[in-house]
Amino acid sequence: MKVKSKEKRQKKGLPGVILAAFAAAAITYVVLLNVEKNALSAYEKADCWILSETLEKGTEITEENLWRIFSRVQVDLQRIPQEAVTDPETLLDSQAAISIPQGSIVTGAMFTPPAKDRAALEKPVIAGCKAEDLYQLVSGTLRSGDRIHIYTVDEELGDTYLIWDNVMVYQTFDSAGNLIPPQDTVAAAARINVLLEEGNAELFYRELYRGSLRVVKVWE
């Protein structure tokens, strides 16, 4: 009787062993799939824009040289930076900020704003600030190329004064510090760089420190 009872217990335990074996096999299969996926992702390709020739500092991007300067190629996805330019036409009328070697993956930071935007400033400088410093940066909707009016608020008197109008937003960045391309309508701008006259930089940062600056976006 004891032998039969033992056999019964073994038979009852058999389905559990089989299920455990199946579970272990399933887990192993999932792990192997992830390993394979990660291994394949290292070789995944994607399109990006590179320079077809070396650009000297100050070279202007025009309709005539745009498609000669830039070429679209496929490279390893992991090599493409977050701030890579996805549409070279957004760089029209800008200038190379530095000497850029042939074959470089194109990013917005390599180029200065269009000449027409710099012409209005005698000594343009780039000033930066965080969202919390400039009253939430219009809810994070600003993008490079946008125009803003900057005001100062006198909380004691309850008055608001326009300090600078039609200030150009040079670059915008998300909370991780990645450059946001103009065509991105989803990411929230956490930091911006703007173009100011050199003589206005001191006042800009002083008012930022006071927390008195507010901005409005020019609707175009």
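Whatever comes next refers back to the structure up there.
Our subject in this report is the structure included herewith.

## Describing the overall build of the protein
And then number 1: Regarding its fold elements, the protein presents five helices and nine strands.
And then number 2: The burial tally for the protein puts 32% of its 220 residues in the buried class.
And then number 3: Restricting to contacts in the protein with at least 6 residues of sequence separation, those with at least 24 account for 64%.
And then number 4: Carbon and sulfur atoms form 55% of the exposed surface of the protein, whose accessible area is close to 14200 Å².

## Here we look at the pairing of strand S7 (residues 159–173)
And then number 1: Pairing geometry for strand S6 (residues 147–154) and S7, over seven bridges, is antiparallel. By the bridge assignment, Tyr151 is partnered in S7 with Leu162.
And then number 2: The loop that links S6 with its antiparallel partner S7 comprises four residues; one of these, Gly158, has a positive phi angle of about 75°.
And then number 3: Direction of pairing for S7 relative to strand S8 (residues 191–197): antiparallel, over a ladder of four bridges. From the neighbouring strand, Gln171 faces S8, where its bridge partner is Asn193.

## A look at the packing of aromatic side chains
Any two aromatic rings considered together are summarised by their centre-to-centre distance and by the angle between their planes.
And then number 1: Following the criterion strictly, the structure yields four aromatic pairs and no others.
And then number 2: Here the aromatic rings of Phe204 and Tyr205 are separated by 5.3 Å at their centres, their planes lie at 80°, and the arrangement is edge-to-face.
And then number 3: Its relative accessible area of 39% is what places Tyr205 among the partly exposed residues.
And then number 4: Ring pairing ties together the aromatic residues Trp164, Phe204 and Tyr205, which thus form one cluster.

## With respect to a negative patch on the surface
And then number 1: A grouping of Glu60, Glu63, Glu64, Glu89 and Asp93 is seen on the molecular surface, where their side chains present a negatively charged patch.
And then number 2: When its relative accessible area of 33% is taken as the criterion, Asp93 is described as partly exposed.

## Considerations on the side chain of Arg143
And then number 1: When you line up the elements, Arg143 lands in the loop between helix H4 (137–140) and S6.
And then number 2: Polar contacts involving the side chain of Arg143 include one to the main-chain carbonyl oxygen of Ala187, which spans 2.4 Å.
And then number 3: With near-sequence residues (within four places) excluded, Arg143 lies in contact with Val169, Thr172, Ile180, Pro181, Pro182, Asp184, Thr185, Val186, Ala187 and Ala189.

## Re the pattern of salt bridges
And then number 1: One pass over the structure, following the stated rule, counts five salt bridges.
And then number 2: Of the charged contacts in the structure, one is a salt bridge between Glu53 and Arg68, with a shortest N-O distance of 3.2 Å. With Glu53 in the loop between strand S1 (45–51) and helix H2 (66–69) and Arg68 in helix H2, the pair connects residues that are 15 residues apart, well separated along the chain.
And then number 3: Judged by relative accessible area, Glu53 falls into the partly exposed class, the value being 26%.
And then number 4: Classification of Arg68 as partly exposed rests on a relative accessible area of 48%.
And then number 5: Between Asp146 and Lys217 there is a salt bridge, with its nearest N and O atoms 3.5 Å apart. With Asp146 in the loop between H4 and S6 and Lys217 in strand S9 (residues 213–217), the pair connects residues that are 71 residues apart, well separated along the chain.
And then number 6: The exposure class of Asp146 is buried, given its relative accessible area of 17%.
And then number 7: Lys217 sits in the partly exposed class, given a relative accessible area of 34%.

## Quick word on the layout of surface pockets
And then number 1: Within this model, the largest pocket holds a volume of roughly 510 Å³.
And then number 2: In terms of lining, the largest pocket is formed by 30 residues, of which the most central are Thr90, Leu91, Ser144, Tyr170 and Pro182.
And then number 3: Taken together, the elements giving at least two residues each to the lining of the largest pocket come down to strand S4 (111–112), helix H3 (115–119) and S7.
And then number 4: Among the elements that make up the lining of the largest pocket, the one with the highest residue count is S7 (five residues).

## A few points about unusual backbone geometry
And then number 1: The residue Asp93 is not glycine, and still its phi comes out positive at about 75°.
And then number 2: Checked against the element boundaries, Asp93 lands in the loop between strand S2 (70–76) and strand S3 (95–96).
And then number 3: Backbone geometry at Asn166 places phi at a positive 50°, although glycine is not the residue there.
And then number 4: Turning to its location among the elements, Asn166 is positioned in strand S7.
And then number 5: Given a relative accessible area of 39%, Asn166 falls into the partly exposed group.

So, how was this worked out
- Residues numbered from 1 in each chain as written.
- Predicted model: local features only at pLDDT ≥ 70, side-chain atom pairs only at ≥ 80, totals over all residues.
- Heavy atoms only, no water.
- Helix = DSSP H or I, 4+ residues; strand = E, 2+ residues; numbered from the N terminus.
- Buried < 20%, exposed > 50% of the residue type's maximum accessible area, 1.4 Å probe, protein only.
- Contact = heavy atoms within 4.5 Å.
- Areas by Shrake-Rupley, 256 points an atom, 1.4 Å probe, with all protein chains shown as cover.
- Pairing = 2+ DSSP bridges.
- Phe/Tyr/Trp six-rings, centres within 6.5 Å; stacked < 30°, edge-to-face > 60°.
- Patch = residues over 30% accessible without salt bridge, like charges linked within 9 Å, V, L, I, M, F, W, Y side chains within 5 Å.
- Salt bridge = Lys/Arg side-chain N within 4 Å of Asp/Glu carboxyl O.
- Lys, Arg positive; Asp, Glu negative; His and termini not counted.
- Charge placed at Lys NZ, Arg CZ, Asp CG, Glu CD.
- Polar contact = N/O pair within 3.5 Å; in protein donor to acceptor, adjacent residues only side chain to side chain.
- 1 Å grid on protein atoms, 1.4 Å probe; cavity = no way out; pocket = protein on both sides within 12 Å on 5 of 7 lines; lining within 4 Å.
- Points joined across faces, edges and corners; volume = space filled by probe spheres on them.

Without other data, these values stay purely geometric and don't point to any function.
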